[in-house]
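# Structural description and commentary
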Amino acid sequence: MGKNIVEKIIEKHLVENYNDEIGIKIDQTLTQDATGTMVYLQLEAIGIEKIKTELSVSYVDHNTLQDGFENADDHNYLRSVAKKFGVVFSQAGNGICHQVHLERFAAPGKTLLGSDSHTPTAGGIGMLAIGAGGLDVASAMAGSPFYLKYPKVIKIELNGRLKPFVSAKDIILKVLEILTTKGNVGYIIEYGGEGIKTLSVPERATITNMGAELGVTTSIFPSDEVTYEFMKAQGREKDFVELLPDKDAKYDKIIKISLDELEPMVALPHSPDNVKKVKEIENLKVNQVLIGSCTNGSYKDMMITSHMLKGLKIAPWVSFGVAPGSRQVLEMVTENGAIVNIIRSGARILELACGFCIGAGQAPSSKGISIRTNNRNFKGRSGTVDAEVYLVSPETAVASAVKGFLTDPRDFAKEYGIEEFKFSIPSKFWVDDSQFLYPENNPEENIIRGPNIGNPPYNEPLSKDIKGVVTIKVGDKITTDHIMPAGYRLKYRSNIQKYSTFVFEEIKPDFYKVATENKNRGLNNIIIAGLSYGQGSSREHAAMCPMYLGVKMVIAKSIERIHRDNLINFGIIPATFVNESDYDRIEEGELIEINDIQSIIVSKNEFDVFNKTKNYYFKIKIDLSDRERDIIKLGGKLNYIKIRYNK
Ligand code: MIC
Ligand code: SF4
């Protein structure tokens, strides 16, 4: 029987096939500063000498603001610890991890595990690239396989060709409209169809990047002549392999999209799947426009931005920022002069980093309308709680910056007589790898630990019974940004004691106080949630910090993949309601009991929970592999690996 490309890569990397879980070998890993410090601290705690992967890269791109000593402490730690473990270190200013990895390291047919949910960006080159919690990435670096359920594969067939001023971003926004951010756990998307030939690797990467918002495990394109062209231009044709699905490959679902029929799309506040056509909400006055991020910071994105801005000025009430995704991109648009149109339009040129996307700077005005090319528009993520963020393509962003109103770029082009932009990949990208420190040219001999560098928190093995209290009850689609805010709190990522004081800061400001009091009274904290709990980022802090505050269990209607894995890694039981109506019955502050959880955890899938306050039982289920049950019993993956590794 024919195979799709997901099956082909898995087959080559399969090291364990146990019950319904598979373990795959990880060839490459990537980390970024905001999740990376914990990854390396945990790697130190595991106690290995050198990494076992083919290549691991540590990027500094998320927090480069350095408002205080904390970020700089993190950067020094990361640079010095990279040398110890044999990791390549990418200096701050090199660019956003996903953009840079695609340019310099990603390779078709290989596997990549990254401590960032947008790691699937590398799927644009035909790599099986998965986002995971930091501890899973640390384990992969220590040589452990990555475990997942055998994925189901959705094929998205792209036919035809995009019309002028409609772009790759509009394709993925269309996919989000179709599949939404819920209900896609356990799937991988494989793109195919004639239309993919018309999309360059950076455009394909825009699409796989934002697959993260669907909640799928990853997204991938075949590796074909378009891939070869990109890799050759990066001087990396030796890493090219062709990777195509067999003619009779099978898929669990097939979705067809006609590129010719697509129009410019926009995701409205506050969810990436709240998608409409730009035409449907035109005339919305905008305060801020930002182009960049790992979704739309490529050379192609900067070239179209420059092309459309030529000779034009932005509206006087708009704050317009442009952040190229990497040093390579910035160098090339500087060398060929394209940046001049951007500067002359009135744009503010921003740092080559995540910056505005994670709320590290560029917070909009109060109630501000911000038009952005990044991938997430969760409430408050921009740094302004009552701001409204709309996600669009660079084409729509430029048109809106100039007009000062959300504008369909096709109408804009007509009005200003802008010709169609015909993009082709340059025959040679500018390559300068001098800002990567390889172990050979990394001068640091000792690990540098400033005061911001703490220790990973320790967790006790699972207690005999759970005696808990519902510390918080939240609704549907709670993101990791709600659980563990980033933005100006990012700098405490390496200091768990301090960072934990901000858990659920926006929705329940006294969570830290209440949880700590419960913990001191010997009670476990329990979180009750609706659908898709833990959407978004891979940040393990959204499990690690609650664990530190004594959270032992989450009972939700459903939990998203990376967050579920992170909960397990930190010894928190991820449970779901058997009857969703029980969600309505339970209230904050109620007492919950489960007797003999220690034996339940290793033997049962479904069991009763006693609501002591209201005196009734309700059923919950845990869908866990044997390995995951052992991890929870031992109080988390760090304890588990230490035992395994020291054997
Ligand atoms: C994000 O886009 O939310 C982040 C910041 O890149 C996160 C990682 C983090 O929280 O550090 C992600 O996507 O995993
Ligand atoms: Fe950085 Fe934003 Fe991409 Fe996350 S989504 S990696 S914060 S640019």
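In this report, we go over the structure that sits alongside the text. (Residues numbered from 1 in each chain as written. Chains lettered and ligands numbered in written order. Predicted model: local features only at pLDDT ≥ 70, side-chain atom pairs only at ≥ 80, totals over all residues. Heavy atoms only, no water.)

Glancing now at the layout of surface pockets. In this structure, the largest pocket encloses a volume near 840 Å³. Lining the largest pocket are 36 residues, with K149, V185, I559, R564 and D623 sitting closest to its centre. At the level of secondary structure, the elements contributing two or more residues to the lining of the largest pocket comprise β8 (146-149), α18 (561-569), β24 (573-577), α20 (597-603) and α21 (626-633). For the lining of the largest pocket, the leading source of residues is β24, giving four residues. Space inside the second largest pocket adds up to approximately 530 Å³. Lining the second largest pocket we find 23 residues, and of these R161, T198, E203, F421 and F423 sit closest to its centre. Contributing elements (two or more residues each) for the lining of the second largest pocket: α8 (225-233) and α9 (299-309). (1 Å grid on protein atoms, 1.4 Å probe; cavity = no way out; pocket = protein on both sides within 12 Å on 5 of 7 lines; lining within 4 Å. Points joined across faces, edges and corners; volume = space filled by probe spheres on them. Helix = DSSP H or I, 4+ residues; strand = E, 2+ residues; numbered from the N terminus.)

The full count for this structure, using the stated rule, is 15 aromatic pairs. Geometrically, the ring pair formed by F412 and Y416 is tilted, given 4.8 Å between the ring centres and 50 degrees between the ring planes. Taken as a pair, F412 and Y416 lie in helix α13 (residues 409-416) at a separation of four residues, close to a single helical turn. Residue classification places Y416 among the partly exposed positions, given a relative accessible area of 34%. Over the aromatic face of Y583 sits the side chain of K473, whose NZ or CZ is 4.3 Å from the ring centroid. One Lys or Arg, K519, reaches over the ring of Y548 and ends 5.4 Å from the middle of that ring. (Phe/Tyr/Trp six-rings, centres within 6.5 Å; stacked < 30°, edge-to-face > 60°. Buried < 20%, exposed > 50% of the residue type's maximum accessible area, 1.4 Å probe, protein only. Lys NZ or Arg CZ within 6 Å of the ring centre and 35° of its normal.)

With that out of the way, let us pick up the nonpolar core. Counting residues in hydrophobic clusters, the biggest one holds 102 residues, and the most contacted among them are Y40, L43, F504 and Y533. Ranked by residue count, the leading element in this core is helix α2 (residues 33-46), at six residues. With sequence-adjacent residues up to four places away left out, F504 is seen in contact with I472, V474, I478, H482, I483, P509, F511, I527 and Y533. L102, A122, V318 and I342 belong to the second largest nonpolar core, which has 63 residues in total. (Core = buried A, V, L, I, M, F, W, Y, C linked by side-chain atoms within 4.5 Å. Contact = heavy atoms within 4.5 Å.)

This paragraph deals with the site of ligand 2. For ligand 2, the full set of nearby residues is H62, H98, D116, H118, S293, C294, C354, C357, I358, N375 and R381. Its residues placed into classes, the shell around ligand 2 shows four nonpolar, five polar and two charged. (Near = heavy atom within 4 Å. Nonpolar A, V, L, I, M, F, W, Y, C, P; charged D, E, K, R; others polar.)

Where charged atoms from two side chains of opposite charge approach closely, those side chains can pair. Considering all chains together, one arrives at 43 salt bridges under this definition. A salt bridge links R449 to E44, with the nearest nitrogen and oxygen atoms 2.6 Å apart. Remark: E44 occurs in helix α2 and R449 occurs in the loop between β20 (436-437) and β21 (466-473); sequence separation between them is 405 residues. What makes E44 partly exposed here is its relative accessible area of 23%. Linking E263 and R410 is a salt bridge whose minimum nitrogen-to-oxygen distance equals 3.3 Å. (Salt bridge = Lys/Arg side-chain N within 4 Å of Asp/Glu carboxyl O.)

A cis amide bond, omega -5 degrees, links P269 with the succeeding residue H270. Of note, F165 is a non-glycine position whose phi angle comes to about 70 degrees, a positive value. Looking at where F165 falls in the secondary structure, it is placed in the loop between β9 (152-159) and α6 (168-179). Judged by its relative accessible area of 10%, F165 falls in the buried class.

What follows concerns the side chain of T181. Residue placement: T181 occurs in the loop between α6 and β10 (187-192). A distance of 3.4 Å separates polar atoms of two side chains, one belonging to T181 and the other to Q535. Setting aside its immediate chain neighbours within four residues, T181 contacts L176, E213, L214, S271, P272, D273, K477, S532, Q535 and E560. (Polar contact = N/O pair within 3.5 Å; in protein donor to acceptor, adjacent residues only side chain to side chain.)

Our focus in this paragraph is the site of ligand 1. Near ligand 1, the surroundings consist of 14 residues, among which H62, D116, S117, S538 and R539 are the closest. One of the side-chain nitrogen or oxygen atoms of R376 is found 2.9 Å away from an oxygen atom of ligand 1. At 2.8 Å, a side-chain N or O of R381 approaches an oxygen atom of ligand 1. When isolated, ligand 1 has an accessible area of 340 Å², and the protein chains bury 97% of it. Classifying every residue of the shell around ligand 1 gives two nonpolar, seven polar and five charged. (Areas by Shrake-Rupley, 256 points an atom, 1.4 Å probe, with all protein chains shown as cover.)

So, about the pairing of β10. Taking burial as the measure, the six residues of β10 include six buried ones, the bulk of the element. Pairing between β9 and β10: six bridges, direction parallel. Within β10, the position partnered with E157 by the bridge is G192. Since β9 and β10 lie parallel, the crossover through α6 that links them has a hand, and here it is right-handed. As paired elements, β10 and strand β11 (residues 218-220) share three bridges and run parallel to each other. Residue pairing across strands places I188 opposite T218, the latter belonging to β11. Of the crossover connections in this fold, the one passing from β10 over helix α7 (residues 201-209) to the parallel β11 is right-handed. (Pairing = 2+ DSSP bridges. Right-handed = clockwise from strand over helix to strand, strands pointing away.)

One can describe the packing of α9 onto helix α10 (residues 327-335) by two numbers: an axis separation of 9 Å at closest approach and a directional angle of 35 degrees. Once α9 is placed against α10, the crossing between them reads as right-handed. Mapping the contact onto sequence places Y299, M302 and M303 in α9 and V329, M332 and V333 in α10. (Axes fitted to C-alpha atoms, helices over the stretch in contact; angles between N-to-C directions. Left-handed = near helix turned anticlockwise from the far one by under 90°.)

This part takes up the sheet that holds β11. Whenever strands of a sheet pair, they do so through backbone hydrogen bonds, lying parallel or antiparallel. In space, the four strands of this open sheet follow the order β11-β10-β9-β12, with parallel pairing throughout. Either end of the sheet is taken by a strand with one partner, and the two such strands are β11 and β12 (253-258). Each adjacent strand pair in this sheet contributes to an overall mean axis angle of 20 degrees, direction not counted. Where β9 meets β12, six bridges bridge the pair, whose relative direction is parallel. By the bridge assignment for β12, E157 is matched with K256.

Now for the sheet that holds β21. On the basis of which strands lie adjacent, the closed barrel formed by seven strands has the order β21-β22-β23-β24-β27-β26-β25 and mixed pairing. When the angles between neighbouring strand axes are averaged without regard to direction, this sheet yields 40 degrees. As paired elements, strand β23 (residues 551-556) and β24 share four bridges and run parallel to each other. Paired with V554 across the bridge in β24 is P574.

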